[in-house]
Amino acid sequence: MQSLVCPGDHTVELREKPIPQPGPEDVRIRIQASAVCGSDLHKYRQSAEERATHGYDQLTLGHEGAGIVDAVGPGVLHPKIGDRVVAYHLIGCGACEYCRAGEPGFCRDIEGFNWVRDGVNAEYVVIPARYALPLPDDFDFEDGALFACNVGTAYGAARKAGASGDMTLAVSGLGPVGLYTVMMARAMGAPVIGVDVQSSRIELANSMGIDMTVNPTESDAVAAMRDFGGGDGVHASIDTSGNTQARSAAIDALRPHGRFVEVGLGHETVYALSTPLNMREITLTGSWIFKLYEWEDLLDFVRRHKLPIKSVISHRFPIQDAADAFGLAESGTAGKILFTWPAVTA
Ligand SMILES: [Zn+2]
Ligand SMILES: [Zn+2]
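For clarity, every value in this text was computed on a predicted model and none was experimentally measured.

Time to look at the coordination of the zinc ion (ligand 1). Tetrahedral metal sites with four donors have an ideal angle of 109.5 degrees; octahedral sites with six donors have ideal angles of 90 or 180 degrees. Every protein donor of the zinc ion (ligand 1) is listed here as Cys 37 (SG), His 63 (NE2), Glu 64 (OE) and Cys 149 (SG), and their distances to the metal cover 2.0 to 2.2 Å. One can describe the site at the zinc ion (ligand 1) as tetrahedral: its four donor atoms subtend angles covering 91 to 123° at the metal. Taken in sequence order, the residues that donate to the zinc ion (ligand 1) follow the motif C-x25-H-E-x84-C. With Cys 37 in the loop between strand S3 (26-35) and helix H1 (38-45) and Cys 149 in helix H4 (residues 141-160), this pair connects stretches of sequence that are 112 residues apart. Like Cys 149, Cys 37 is buried.

Following this line, the structure appears as structure tokens:
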């Protein structure tokens with residue numbers, strides 16, 4: 001089968017791999033849609049040496065995928081062959097306290113895609129059956145790939161921020177995760193100000209009806225966020241960029257008792273704040289993807305509010321053109337980029 005790997009140094013390539021066989025309690029998924037994630041770009045930028053040291057260059061890239069179950073291993077009752085599913089990508093041991101609570105991201109034996117095991121940018125992927133989340137018929141496979149990470153991450157973050165009509169929210173970073181966070185938070189009732197240094201992303205957010213935007217290269221973003229929150233600052237802020245300056249600004253823009261949610265991956269965890277946290281009694285928290293037990297809530301929320309999640313998709317590429325897709329994603333000018341796969345007809 002064709003499988004996408006990332007050797008590092010800004011390269012991705014297709015490699016032939018054997019079709020994987022499901023072991024006990026595993027299912028095999030025939031992928032029908034997958035996507036490029038901002039977190040894949042961190043891998044793309046790593047050096048070839050670093051990628052090879054960990055063996056990451058050999059593993060299939062991608063953690064946002066949906067498809068059809070086409071084989072099941074011994075002992076699997078659900079899902080069944082032919083079921084439409086989304087691959088949840090934080091695969092835990094299934095037995096520890098975190099796994100039992102639906103939070104496998106905290107499992108000590110976590111096996112992430114392109115980290116410990118092969119990911120979803122391949123014709124087939126094998127995962128434990130309990131991580132194959134059911135995809136209802138009113139959502140297509142592209143929706144499934146969006147739910148797998150970006151939309152789910154946005155939902156988790158907006159909930160962590162306490163988004164509601166009783167507060168104001170700032171979102172820094174208006175890439176796909178940021179745009180989905182804006183969409184979720186506004187549907188929860190919160191007025192949102194968005195921050196990004198790319199004018200194309202600001203335009204995209206404006207076209208989606210965001211309440212206000214600010215570009216820190218053109219004006220004082222902290223002042224704009226504070227004004228948006230009524231002068232003293234916003235009630236909560238979410239950073240999806242992972243950029244130290246953006247995170248610091250998002251924290252500086254908070255009013256007393258404000259809450260900051262760290263979502264974007266950053267290699268530094270240093271903040272450069274203009275006022276101390278203690279004098280404003282700020283809460284800092286993190287949010288990672290969504291919890292297994294939030295799956296149905298997430299689908300229901302998108303369905304109930306008729307959220308146009310496909311509106312964030314800007315490009316679709318066949319997997320053969322993955323190098324072009326990553327080049328475009330790296331430019332920071334695109335919305336969500338999806339990969340298309342040969343459709344399985346029933
Ligand atoms: Zn992702
Ligand atoms: Zn576990």
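Bringing the sheet that holds strand S14 (residues 254-262) into the picture now. Spatially, S12-S11-S10-S13-S14-S15 is the arrangement adopted by the six strands of the open sheet, whose pairing is parallel. Each edge of the open sheet carries a strand with a single partner, namely strand S12 (212-214) and strand S15 (283-286). The average undirected angle you get between the axes of adjacent strands in this sheet is 20°. Pairing geometry for strand S13 (residues 234-239) and S14, over five bridges, is parallel. When the sheet's bridge partners are listed, Asp 239 is paired in S14 with Glu 262. Of the strands in this sheet, S13, S14 and S15 are in contact with H4, which crosses S14 at around 155°.

Quick look at the nonpolar core now. Residues Ile 127, Leu 169, Met 184 and Phe 339 are the most contacted members of the largest nonpolar core, which totals 92 residues. It is H4 that provides the largest number of residues to this core, a total of ten residues. Residues from two domains meet in this core; each of domain 1 (2-135 + 308-340) and domain 2 (152-286) gives at least three. Leave out the neighbours within four places in its chain, and Leu 169 touches Ala 161, Ala 185, Ala 190, Pro 191, Val 192, Ile 193, Phe 228, Val 234, Ala 236, Ser 237 and Ile 238.

To continue, consider the packing of aromatic side chains. By convention here, two paired aromatic rings are described through the distance between centres and the angle between planes. Here the structure, examined in full by the defined rule, presents ten aromatic pairs. Plain terms: the ring middles of Tyr 98 and Phe 106 are 5.8 Å apart, the flat faces sit at 80° to each other, and that makes the pair edge-to-face. Relative to Trp 295, the ring of Phe 290 lies with its centre 5.9 Å away and its plane at 25°, an arrangement referred to as stacked. For the pair formed by Phe 290 and Trp 295, the shared burial category is buried. Through successive ring pairs, a cluster of aromatic residues spans Tyr 88, Tyr 131, Phe 139, Phe 147, Phe 290 and Trp 295.

Reading guide: rules and limits
- Residues numbered from 1 in each chain as written.
- Chains lettered and ligands numbered in written order.
- Predicted model: local features only at pLDDT ≥ 70, side-chain atom pairs only at ≥ 80, totals over all residues.
- Heavy atoms only, no water.
- Donors = N, O, S within 2.8 Å, 3.2 Å for Na, K, Ca; no water.
- Tetrahedral: all angles 85-135°; square planar, octahedral: opposite > 155°, others 65-115°.
- Helix = DSSP H or I, 4+ residues; strand = E, 2+ residues; numbered from the N terminus.
- Buried < 20%, exposed > 50% of the residue type's maximum accessible area, 1.4 Å probe, protein only.
- Pairing = 2+ DSSP bridges.
- Axes fitted to C-alpha atoms, helices over the stretch in contact; angles between N-to-C directions.
- Contact = heavy atoms within 4.5 Å.
- Core = buried A, V, L, I, M, F, W, Y, C linked by side-chain atoms within 4.5 Å.
- Domains from an automatic or database assignment.
- Phe/Tyr/Trp six-rings, centres within 6.5 Å; stacked < 30°, edge-to-face > 60°.

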